[in-house]
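# Breakdown of the fold
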Amino acid sequence: ASYSVSGPSPNSFRRTQSILEQILSDINEHEENQERLEHIAASIKDITRETDSTTKAMEEEISSRIKESTDSICAGYDKAIACDKDKIKQVQAERDKAKMQGIKERIQTETASLREENKELAGQIEKAFIQENVPKITNNSFFLAIFLSRKLKDVLVYILFMLIVCAGIPAVLYILPAVPVWVPVVYTAVVAVLFLIISRSVYINLIMPHQSTIIAARDTKYRIRNNKKIIKKIGHSIKKDDNDAMYGLESFDHKINDLHDSISSTENEKQKALKEFEETVKPDILEEIQNRYADKLELMNSELAKKKDEYTKLDDLIKQQRIYISSNYEAYLGREFIDKDKLAELDNIMKGGTCTTIAQAIAEYKNLR
């Protein structure tokens, strides 16, 4: 669009009041167009916001409807799958229980000879002690560790006992604030004397009379201990054995495999149902919801397009006006007087009859200021 001022061209300006009024009219029109442009911009912003809000509401409704529908489809299948998974856990627990029972029975079978041997050895010790009237205390593992230790384990038991009695207890007594300093010293001396007396008495009265029997019992107990280690090792090896074919667990495995197949079948049916929903039901849902919003969105988009077109044309007109005013009126009057209030005052001065030209009115305006 082009812009021009009706009336005399700038080259033919006669310094008259009509030219000043023409300039004032053009400035007012330019400012009015700017205000109108701002209103159109605000209207475009409001329509755009409302359009976005409506579009978002439509998309949320579509998403909600589709989610609700797919959740309904999945619910039945998921419930069946969850039920089969619970059954797998139950069957697996029963299988583990049966396997553990099989392991126990296998351990019992493979260690039966060792356990029987230990039973016979323990019986031999008991029989020998009864026949020779040996006190039962001498058949105690702790007693043997203190007075007839030979293996490393018994030596460690002896050392630990001595550390507790001869070092640990005195140390505790020493750090207790309520106990006098002399008490740990006296305790250590008394314990040392008692231990020597008791050790000598035990050795003379208990061990010496039955030395060969007690030593034989000790060595037999070592054999029993070694057999127990072997039994424990066999049990550990059996538990680590991954081959469970010997425990008769095939029925459990068949049930578990059938349940896994059932889950796979249900999953396939679920995917087919979802695919059918995507191909048949979902397009109908989209069409139904979009049709309800279509008229409103079309109306808003049409109004928005009109406003944008109006904004573009008016913006172009304002640019042309701005260029015209700048290149013609500012060059003639100066930037200071391209103001409708000042132009109105110049117009009033000329209407007063004291000035016949715009230049005279400007001079008068400046004198008044």
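None of these values were measured; they are calculated from a predicted model.

### Observations concerning helix H9 (residues 358-368)
If you check which residues of H9 are buried, you get Ile 358, Ala 361, Ile 362 and Tyr 365. Angular distribution of buried residues about the axis of H9 spans 100°; they occupy a single face of the element.

### Quick look at the environment of Leu 121
Residue placement: Leu 121 occurs in helix H2 (residues 112-131). On the basis of relative accessible area, Leu 121 is assigned to the buried category, the value being 5%. Between the C-alpha atom of Leu 121 and that of Ile 224, which follows or precedes it by 103 residues, the distance is 7.2 Å. Excluding residues within four positions of it along the chain, Leu 121 makes contact with Thr 220, Arg 223, Ile 224 and Asn 227.

### Some words on unusual backbone geometry
Of note in this structure, Asn 133 is not a glycine but carries a positive phi near 55°. With respect to the helices, strands and loops of the structure, Asn 133 is situated in the loop between H2 and helix H3 (141-147).

### Focus on the pattern of salt bridges
Under the definition given, this model contains 18 salt bridges. With its nearest N and O atoms 3.3 Å apart, the salt bridge here joins Glu 288 to Arg 65. With Glu 288 in helix H7 (residues 250-333) and Arg 65 in helix H1 (residues 17-110), this pair connects stretches of sequence that are 223 residues apart. Salt-bridge contacts for Asp 309 lead to Lys 313; the nearest nitrogen and oxygen are separated by 3.4 Å. On the criterion of helical spacing, the pair formed by Asp 309 and Lys 313 is a turn pair, its members being 4 residues apart in helix H7. Residue class for Asp 309 comes out partly exposed when judged on its relative accessible area of 41%. Lys 313 gets classed as exposed once you look at its relative accessible area, which sits at 55%. One salt-bridge network, held together by shared partners, links Glu 61, Arg 65, Glu 288 and Arg 292.

Cut-off values and rules
- Residues numbered from 1 in each chain as written.
- Predicted model: local features only at pLDDT ≥ 70, side-chain atom pairs only at ≥ 80, totals over all residues.
- Heavy atoms only, no water.
- Buried < 20%, exposed > 50% of the residue type's maximum accessible area, 1.4 Å probe, protein only.
- Helix = DSSP H or I, 4+ residues; strand = E, 2+ residues; numbered from the N terminus.
- Arc of directions from axis to C-beta.
- Contact = heavy atoms within 4.5 Å.
- Salt bridge = Lys/Arg side-chain N within 4 Å of Asp/Glu carboxyl O.

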